[in-house]
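Notes for the structure review
Each chain, letter by letter, is given below.
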Amino acid sequence: MLSLIPSPTIQFKPLFPSKTIKPLKPFSSKSSIQSVLQWNRKPELAGETPRVVVITSGKGGVGKTTTTANVGLSLARFGFSVVAIDADVGLRNLDLLLGLENRVNYTVVEVLNGDCRLDQALVRDKRWSNFELLCISKPRSKLPLGFGGKALTWVVEALKSRQEGSPDFILIDCPAGIDAGFITAITPANEAVLVTTPDITSLRDADRVTGLLECDGIRDIKMVVNRVRTDMIKGEDMMSVLDIQEMLGLALLGVIPEDSEVIRSTNRGYPLVLNKPPTLAGLAFEQAAWRLVEQDSMKAVMVEEEPKRRGFFSFFGG
Ligand SMILES: Nc1ncnc2c1ncn2[C@@H]1O[C@H](COP(=O)(O)OP(=O)(O)OP(=O)(O)O)[C@@H](O)[C@H]1O
Ligand SMILES: [Mg+2]
């Protein structure tokens, strides 16, 4: 049986299984962090487009919307066209994180009612014009009667057949829980990013959601472990990423550190990955986006020795 307590002598070192992703230099607070964008090349897009990816978790507040915004904008910065759908109907906030709240005039509800065209409901980001936001409904409104997986699938199909061409990525920001909103959000998806934090409540929900996704035929499920604190892992107060990976048995897309910049960027409506210079969490999101494009994953491996140069990426691989 897997233990939830990390082994005291075990430490983790980065591993990049892909030839295409090079490890970053270990991070220290003095060194400048380098962005994958400095490699001056585009990641190789694997799989059929559009890639329809649902970002889900089960437990609320673990970072789904933060992941959608930052991974979405990273994909746009790599040069891919992206539509991010906020499927969190009652508590929509992707528009806030993106700083686009004042520009959402129409939503999918108006499109379905015939009050506007789909392209009128799409909000183009001014910073990255290949990134668009689509909200299902106005804030605080209830899930419209009859709106479910079929309706969202219709929206996704309509996005695919747009005149300007199908987007490369359709990201669906899923609501918390496993009720109707969750079922609606996962229905059109072909793959999933499961966001979890290193605590047992989040992991139990993640495990339940993994089962539900698999029942729905979504086999490509990768996880993002968010709000990780290496100091707590070292002090054995937080589960290690390897333990989490063993518990859930999922491929690892990214490990995001706990970072107060995330909260600052949320409040400013300016996603972290746009920060200059990028912060540690911003970099981790960028790298997760890179792996998503290439259908790649990372692994946390055990090493007996203390890494010579400490830092977040020297633990997890960046
Ligand atoms: N890596 C991080 N470091 C620090 N704060 C974080 C991090 N990731 C997310 N947060 C904060 O956690 C809060 C919840 O994040 P977010 O809204 O993305 O979660 P969610 O899973 O979408 O929530 P919900 O289930 O309500 O939709 C936000 O205040 C966000 O700024
Ligand atoms: Mg959310």
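Note that the coordinates shown come from a computational prediction; the quantities given were computed from them, not determined experimentally. (Residues numbered from 1 in each chain as written. Chains lettered and ligands numbered in written order. Predicted model: local features only at pLDDT ≥ 70, side-chain atom pairs only at ≥ 80, totals over all residues.)

**Details of the overall build of the protein chain**
The following threshold applies: Helix and strand assignments follow DSSP, with helices taken as H or I runs no shorter than four residues and strands as E runs no shorter than two, numbered in order from the N terminus. Working definition of a contact: two residues with C-beta atoms, positioned from the backbone, lying within 7 Å.
A tally of helices and strands in the protein chain yields 12 helices and 10 strands. Of all intrachain contacts in the protein chain linking residues separated by at least 6 positions in sequence, the fraction that spans at least 24 positions is 80%.

**Regarding the UniProt feature "binding site: ATP" (unreviewed entry) in the protein chain**
Selection criterion: UniProt positions are given in the numbering used here, feature names are shortened, and annotations may be inferred rather than shown by experiment. For every residue, the other C-beta atoms within 10 Å of its own C-beta are counted; 20 or more classify it as buried, 12 or fewer as exposed, and values in between as partly exposed. C-beta atoms are placed from the backbone.
Those places that UniProt annotates as "binding site: ATP" (unreviewed entry) correspond, in this numbering, to Lys 59, Gly 60, Gly 61, Val 62, Gly 63, Lys 64, Thr 65 and Thr 66. Note that Lys 59 resides in the loop between β2 (51-56) and α1 (64-78). The exposure class assigned to Lys 59 is buried, which follows from the 20 C-beta atoms found within 10 Å. Leaving out residues up to four positions away in the same chain, Lys 59 has contacts with Ala 176, Thr 201, Ser 202 and Asp 205. The residue Gly 63 is located in the loop between β2 and α1 in this model.

**A word on the sheet that holds β2**
Spelled out, the test is: In short, DSSP must find at least two bridges between two strands for them to pair. Note on geometry: axes are C-alpha line fits, over the in-contact stretch for helices, and angles between N-to-C directions span 0 to 180 degrees.
The mixed open sheet is built from 8 strands, whose spatial order is β4-β5-β3-β6-β2-β7-β8-β9. Of all the strands in the sheet, just β4 (123-124) and β9 (251-257) have a single pairing partner and so form its edges. The strands touched by helix α9 (residues 241-248) are β7 (191-196), β8 (220-228) and β9; relative to β8, the strand with the most contacts, the crossing angle is about 150°. Set on the sheet, helix α11 (residues 280-294) makes contact with β8 and β9; between it and β9 the angle comes to about 165°.

**Quick word on the site of ligand 1**
Our working definition: To decide nearness, the C-beta atom of each residue is placed from the backbone, and the residue is near a molecule or strand if that atom lies within 6 Å of it. Residues are grouped as follows: Ala, Val, Leu, Ile, Met, Phe, Trp, Tyr, Cys and Pro are nonpolar; Asp, Glu, Lys and Arg are charged; every other residue, Gly included, is polar.
Lining the immediate surroundings of ligand 1 are 20 residues, of which Gly 60, Lys 64, Thr 65, Thr 66 and Ala 176 lie closest. Secondary-structure elements contributing two or more residues to the shell around ligand 1 are α1, β8 and α10 (260-268). Residues that form the shell around ligand 1 fall into these classes: 7 nonpolar, 8 polar and 5 charged.

**A closer look at the environment of Thr 187**
Mapping Thr 187 onto the fold places it in the loop between α6 (180-186) and β7. For Thr 187, the contacting residues outside a window of four places in its chain are Gly 149, Leu 152 and Thr 153.

**Things to note about the packing of helix α7 (residues 200-215) against α9**
Pairs of packed helices are described in terms of their axes, by the angle between the two and the distance that separates them. Our working definition: Crossing handedness: left-handed means the near helix sits turned counterclockwise from the far one by under a right angle, and right-handed means the same turn made clockwise.
Orientation of α7 relative to α9, taken along the N-to-C sense of each, is 35°, at an axis distance of 10 Å. Here α7 runs over α9; the crossing is right-handed. Contact with α7, carried on its side by Leu 203, Ala 206, Asp 207 and Thr 210, involves Ile 244, Met 247 and Leu 248 of α9 and no other residues of that element. Grouping the constituent residues of the contact of α7 with α9 by class yields 5 nonpolar, 1 polar and 1 charged.

**Focus on α9**
Side chains that are three or four residues apart share a direction in an α-helix, a result of its 3.6 residues per turn. Of all the residues in α9, the buried ones are Val 241, Leu 242, Asp 243, Ile 244 and Leu 248. In the stretch just after α9, Gly 249 is the one whose phi turns positive, near 65°.

**Let's talk about the pairing of strand β5 (residues 131-135)**
The element β5 is largely enclosed, with a buried count of 5 among its 5 residues. By the alternation rule, side chains of β5 split into Phe 131, Leu 133 and Cys 135 and Glu 132 and Leu 134, which are all buried. Strand direction decides the pairing type here: strand β3 (residues 82-86) and β5, joined by 5 bridges, are parallel. Bridged to Val 83 within β5 is Glu 132. The pairing of β4 with β5 spans 2 bridges and is classified as antiparallel. From the neighbouring strand, Arg 124 faces β5, where its bridge partner is Glu 132.

**Considering the confidence of the model for the protein chain**
Stated formally: How sure the predictor is of each residue is captured by pLDDT, a score from 0 to 100.
Summarising the model, the protein chain shows a mean pLDDT of 84, and 80% of its residues fall at 70 or more. In the model, residues 1-32 has pLDDT below 50 throughout and makes 74 contacts with residues more than four positions away in sequence or in other chains. Contacts from residues 302-310, a stretch scored under 50 in pLDDT, to residues over four places away or in other chains number 13 contacts.

**A few points about the nonpolar core**
Soluble globular proteins tend to bury their nonpolar side chains together. Threshold: By definition, a nonpolar core groups buried Ala, Val, Leu, Ile, Met, Phe, Trp, Tyr and Cys residues that are joined through C-beta atoms within 7 Å.
Val 53, Leu 171 and Ile 172 are the most contacted members of the largest nonpolar core, which totals 88 residues. With 10 residues, α11 is the largest single contributor of residues to this core. Setting aside residues no more than four positions away along its own chain, Leu 171 makes contact with Val 53, Ile 55, Thr 68, Val 71, Gly 72, Val 82, Ala 84 and Ile 85.

**Notes on unusual backbone geometry**
A cis amide bond links Thr 49 to the next residue, Pro 50, at an omega of -5°. Position of Pro 50 relative to the elements: it lies in the loop between β1 (11-13) and β2. Look at the link from Lys 276 to Pro 277: it is a cis peptide, with omega at -10°. Tracing the backbone shows Pro 277 in the loop between α10 and α11.

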